[in-house]
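The chain contents come next:
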Amino acid sequence: MVALSPPIPAALTDGHGRRIDYLRLSVTDRCDLRCRYCMAEDMQFLPKSAVLSIEEMADLAERFVARGVRRIRLTGGEPLVRRGIDTLATRIGALIGRGLDELTLTTNAMRLSEHAEMLAASGVRRINVSLDTLDPAAFRHITRVGTLETALDGIAAARRAGLAVKINMVALARLNEDQLLPMLDWCAANGCDLTLIETMPLGEIAEDRSDHYMPLHQFVAPLRTQRALYPIDRRTGGPARYFAIEDSPVTLGLITPLSDNFCASCNRIRLTVEGRIYMCLGQDDHVDLRIALRERGDVNGLIDRALAGKPRAHDFRIERKSQPAVARHMSATGG
Ligand code: SAM
Ligand code: SF4
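The structure contained in this document is the topic of the report that follows.

Calculation notes
Residues numbered from 1 in each chain as written. Chains lettered and ligands numbered in written order. Predicted model: local features only at pLDDT ≥ 70, side-chain atom pairs only at ≥ 80, totals over all residues. Heavy atoms only, no water. Helix = DSSP H or I, 4+ residues; strand = E, 2+ residues; numbered from the N terminus. Buried < 20%, exposed > 50% of the residue type's maximum accessible area, 1.4 Å probe, protein only. Contact = heavy atoms within 4.5 Å. Areas by Shrake-Rupley, 256 points an atom, 1.4 Å probe, with all protein chains shown as cover. Near = heavy atom within 4 Å. Polar contact = N/O pair within 3.5 Å; in protein donor to acceptor, adjacent residues only side chain to side chain. Nonpolar A, V, L, I, M, F, W, Y, C, P; charged D, E, K, R; others polar. Pairing = 2+ DSSP bridges. Axes fitted to C-alpha atoms, helices over the stretch in contact; angles between N-to-C directions. Core = buried A, V, L, I, M, F, W, Y, C linked by side-chain atoms within 4.5 Å. Phe/Tyr/Trp six-rings, centres within 6.5 Å; stacked < 30°, edge-to-face > 60°. Lys NZ or Arg CZ within 6 Å of the ring centre and 35° of its normal. Parallel < 35°, antiparallel > 145°, perpendicular 65-115°, else oblique. Left-handed = near helix turned anticlockwise from the far one by under 90°.

What about the overall build of the protein chain?
Looking only at helices and strands, the protein chain has 10 helices and 12 strands in total. Across the 335 residues that make up the protein chain, the buried fraction comes to 57%. Contacts spanning at least 24 positions in sequence make up 73% of the contacts within the protein chain whose residues lie at least 6 apart. Total accessible area on the protein chain is roughly 15,100 Å²; 50% of this is exposed by carbon and sulfur atoms.

In structure tokens:
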């Protein structure tokens, strides 16, 4: 009699026929900064018992790669504050070329100087760094506790380690609207690309987020008066639209969740540090993998259920004094 091998689970496709091959893995909800648009000053973080171990995250990453995920981004919270991040990056990096095409990371760069070499050795080739301003006082104000110089040192270390760096800059009315042109010049001088992001209504932050909301067409207007922007076709399945800039080596990305919905081509799912799959950044529906993982339950079946429930589109709106669209902070789901 021929021995039957266990059935290979099907590749990941959601209920709208979209192929899901990109996983964002939030490795901690904690952070060493308190950016005003992201967190309240006195955030309550998850107890240790509620979060996945490094071993469990690596195990889940392997399962997702076996199901056809080709790109994984480590995020948070701040991924570089998670103890064991080196072990996790090494475990996931070992999947590159064995199903995984790419491992990336999003960081605030506060601890990048000490981790850049480790990331490069794990197989990471490019990272996103959040940097909203080059003005030291504004940097401290926006992050509440951060020092600009530390972030710039971290980025320099990443470049020396051979990592490509894309800067993520959140557009904030009156806080950094004067910074686009300096940031662009700085990116050109330092070999970085730049992506601009509209603030999204995620989680209570003690302030009214709509006070600083600025649509990107307005944020970019001063640049357009000086230099032409040419749309370029760079499909990542992600939410950004990309532009070449006249007389600049920098590729500019625009992420406009509110002024221009980008959901139709969404190819991603998010796994939180609690082991929950959130099918959409903008909705509360989730499937919990942690118990199934710990009690040897049907993890693959739960992943399928999550995908079947992935919504066609988010339903963000930003209105004055509006409640956040979802109670979760970006730092909990993984930005
Ligand atoms: N701590 C890391 C960092 O800041 O790069 C990774 C996590 S952070 C949540 C990921 C990205 O989300 C950052 O680029 C940050 O600027 C962005 N972000 C956080 N809260 C946001 C919000 N409410 N709206 C838009 N972007 C947000
Ligand atoms: Fe921390 Fe990133 Fe949120 Fe800033 S945006 S508070 S660095 S998680």
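A look at the site of ligand 1
Neighbouring ligand 1 are 19 residues; Tyr37, Gly77, Glu78, Ser130 and Met200 lie closest to it. Here Tyr37 contributes a side-chain N or O atom positioned 3.1 Å from an oxygen atom of ligand 1. One of the backbone N or O atoms of Gly77 is found 3.1 Å from a nitrogen atom in ligand 1. In isolation ligand 1 has 550 Å² of accessible area, and contact with the protein removes 96% of it. For the shell around ligand 1, the secondary-structure elements that each account for two or more residues are strand 3 (102-107) and strand 5 (164-170). Partitioning the shell around ligand 1 into residue classes produces 6 nonpolar, 10 polar and 3 charged.

Section: the site of ligand 2
Looking at ligand 2, there are 8 residues lining it, with Cys31, Leu33, Cys35, Cys38 and Asn108 nearest. Broken down by class, the residue content of the shell around ligand 2 amounts to 5 nonpolar, 3 polar and no charged.

Examining the sheet that holds strand 10 (residues 268-271)
Across a sheet, paired strands are connected by hydrogen bonds in the backbone, their directions being either parallel or antiparallel. In spatial order, the strands read 7-8-9-6-5-4-3-2-1-10-11-12; together these 12 strands make up an open sheet with mixed pairing. Edge strands, defined here as strands with exactly one partner in the open sheet, are strand 7 (229-232) and strand 12 (286-288). On average, adjacent strands in this sheet sit at an angle of 25° to one another, irrespective of strand direction. Examined bridge by bridge, strand 4 (residues 126-130) and strand 5 share 5 bridges and lie parallel to one another. Its bridge partner being in strand 5, Ile127 is matched across the sheet by Val165. Contacts from helix 6 (residues 180-190) reach strand 5, strand 6 (193-197) and strand 8 (241-245), with the element oriented near 150° to strand 6.

Some points on the nonpolar core
Of all hydrophobic cores here, the largest spans 99 residues; its most connected members are Ile72, Leu74, Ile167 and Leu194. For this core, the leading source of residues is helix 1 (residues 54-66), giving 7 residues. If we skip the residues at most four places from it in the chain, Leu194 touches Lys166, Ile167, Met169, Leu180, Met183, Leu184, Cys187, Val250, Thr251, Leu252 and Gly253.

Points about the side chain of Ser122
With respect to the helices and strands, the residue Ser122 is situated in helix 3 (residues 112-122). Given the relative accessible area of 8%, Ser122 is considered buried. Here the side chain of Ser122 touches Met118 through a polar contact of 2.8 Å, landing on its backbone oxygen. Sequence-distant contacts of Ser122, that is, excluding residues within four places in its chain, are made with Ala89, Thr90, Gly93 and Ile96.

Re the packing of aromatic side chains
A full pass over the atoms with the stated rule returns 0 aromatic pairs. Over the ring of Tyr22 we find Arg71; its NZ or CZ atom is 4.4 Å from the centre of that ring. The ring centre of Phe243 lies 5.9 Å from the NZ or CZ of Arg224, which sits over that ring.

Some words on the packing of helix 1 against helix 2 (residues 85-93)
Helix 2 packs onto helix 1 with a crossing angle of 20° between their chain directions and a minimal axis gap of 10 Å. It follows from the interaxial angle that helix 1 and helix 2 lie roughly parallel. At the point where helix 1 passes helix 2, the crossing takes the right-handed sense. Across the interface between the two elements, Ile54, Glu55, Met57, Ala58, Asp59, Ala61 and Glu62 of helix 1 pack against Ile85, Thr87, Leu88, Arg91 and Ile92 of helix 2.

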